[in-house]
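The primary structure of each chain is shown beneath.
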Amino acid sequence: MPVPRGSPQAPWSWVCCNWVTSLFRSGAPAQRQFSSGGAYPNIPLSSPLPGVPEPVFATVNGQEKFETKVTTLDNGLRVASQNKFGQFCTVGILINSGSRYEAKYLSGIAHFLEKLAFSSTDRFDSKDEILLTLEKHGGICDCQTSRDTTMYAVSADSKGLDTVVGLLADVVLHPRLTDEEIEMTRMAVQFELEDLNMRPDPEPLLTEMIHEAAYRENTVGLHRLCPTENIAKIDREALHSYLRNYYTPDRMVLAGVGVEHEHLVECARKYLLGTRPAWGCEKAVDVDRSVAQYTGGVVKVKLSHFIPQVLELAVHPWLYGNTHSGARAGHVPCLELRAC
């Protein structure tokens, strides 16, 4: 049997419905009641809110005001920056070094240095200590090498710029290169080479083969990856010999984005000017200044896990536009794959 709406046992939902209905019928004022007890009238969005200051909008002229500034220190090191809005910045030391300069050295040194980056230094006992220091400023680090450039970079809060530059300077100029670290690097390089050779997709190795065939045994045609036979031969002495000639201030650029140029220059003078590196201050000798010589050629590699079993890569001069500095005018490498 249904319970009458007016009785004490009526459901709560019926009571609420009756209260809302009576409220509308009584003609209540069109105001919204807030928990504080105050009332605020309905104001259209086209009208400004009372008591709120008028907003001030930035003017836009279509041109960015971010200017790239470059300063050269007394030792030849260049400092470049571009200040952009944001809480974080990216700072790196770029060095004119890489596998193309290894003609007089054991091939694979640049590959080793990439793996050894951000290891123990004079100020930091381990890589973990470096990472913990960066974490205080929300930072991350990375090192990448190519055939002609090595980059040590850090992204962190702009307030930690002094710490970041000091850390980069220590990583680049004062690595310990302990026997344990070098042995661990040998294992890492060996694993990377085995992984590349066992992949069913040959694409990661195609770029290496193209350069090797197009610029045979010179500059950019030299191996970027460490050959297997050189893994056990690279030691601290070989690394210091290479670093002494190519990790010099005149071959370095300290670049930053999201930082004030004057502050970056000040940090560069503090940590990168007049600093004695771990390998000494002897003058660089036997620096390779040769120009890339395009040769063209054929590279054959036997890979048992491929079908077909032999992948032949040939680079021929064809009459097209010049797309690579060092290639003969009017000629570019053309990739040809032949299954045998």
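Cut-offs applied
- Residues numbered from 1 in each chain as written.
- Predicted model: local features only at pLDDT ≥ 70, side-chain atom pairs only at ≥ 80, totals over all residues.
- Heavy atoms only, no water.
- UniProt positions renumbered as here; feature names shortened; annotations may be inferred.
- Salt bridge = Lys/Arg side-chain N within 4 Å of Asp/Glu carboxyl O.
- Helix = DSSP H or I, 4+ residues; strand = E, 2+ residues; numbered from the N terminus.
- Axes fitted to C-alpha atoms, helices over the stretch in contact; angles between N-to-C directions.
- Parallel < 35°, antiparallel > 145°, perpendicular 65-115°, else oblique.
- Left-handed = near helix turned anticlockwise from the far one by under 90°.
- Contact = heavy atoms within 4.5 Å.
- Nonpolar A, V, L, I, M, F, W, Y, C, P; charged D, E, K, R; others polar.
- Disulfide = S-S within 2.5 Å.

Looking up the chain in an unreviewed UniProt entry gives the name Mitochondrial-processing peptidase subunit alpha, with the organism given as Ursus americanus. Regarding the chain, the relevant UniProt record gives this comment under Subcellular location (unreviewed entry): "Mitochondrion matrix". Recorded in UniProt under Function (unreviewed entry), the annotation for the chain is "Substrate recognition and binding subunit of the essential mitochondrial processing protease (MPP), which cleaves the mitochondrial sequence off newly imported precursors proteins."

Trainee: Help me out: how do you make sense of the pattern of salt bridges in this one?
Mentor: Tallied over the entire structure, the rule returns 10 salt bridges. Of the charged contacts, one joins Asp162 and Lys270 as a salt bridge, the two residues approaching to 3.4 Å between their closest N and O atoms. Pair noted here: Asp162 is in helix H4 (residues 161-173) and Lys270 is in helix H8 (residues 261-272), with a separation of 108 residues, a long-range link. Across the pair Arg236 and Asp179 runs a salt bridge, and its minimum N-O distance is 3.1 Å. Of this pair, Arg236 sits in helix H7 (residues 236-246) while Asp179 sits in helix H5 (residues 179-198), and the two are 57 residues apart along the sequence. Here the salt bridges share partners, and the residues they tie into one network are Arg147, Glu208 and Arg224.

Trainee: What's the story with the packing of helix H2 (residues 109-116) against H5 in this structure? I'm lost.
Mentor: Helices that pack against each other are described as a pair by the angle of their axes relative to one another and the distance between those axes. Between H2 and H5, the shortest axis-to-axis distance is 10 Å and the interhelical angle comes to 110°. Looking at the two axes, H2 sits roughly perpendicular to H5. Along this stretch, H2 crosses H5, giving a crossing that reads as right-handed. On H5, the residues touching His111, Phe112, Lys115 and Leu116 of H2 are Glu181, Ile182, Thr185, Arg186, Val189 and Glu192. Looking at the contact of H2 with H5 residue by residue, the classes come out as four nonpolar, two polar and four charged.

Trainee: Even after reading the chapter, I still don't get the state of the cysteines, so can you show me in this structure?
Mentor: Here a disulfide denotes one covalent bond, and it connects the sulfur atoms of two cysteines. Using the criterion set out here, one finds zero disulfides in the structure. Cys267 takes part in no disulfide bond, and the closest cysteine sulfur, belonging to Cys89, lies 9.8 Å away.

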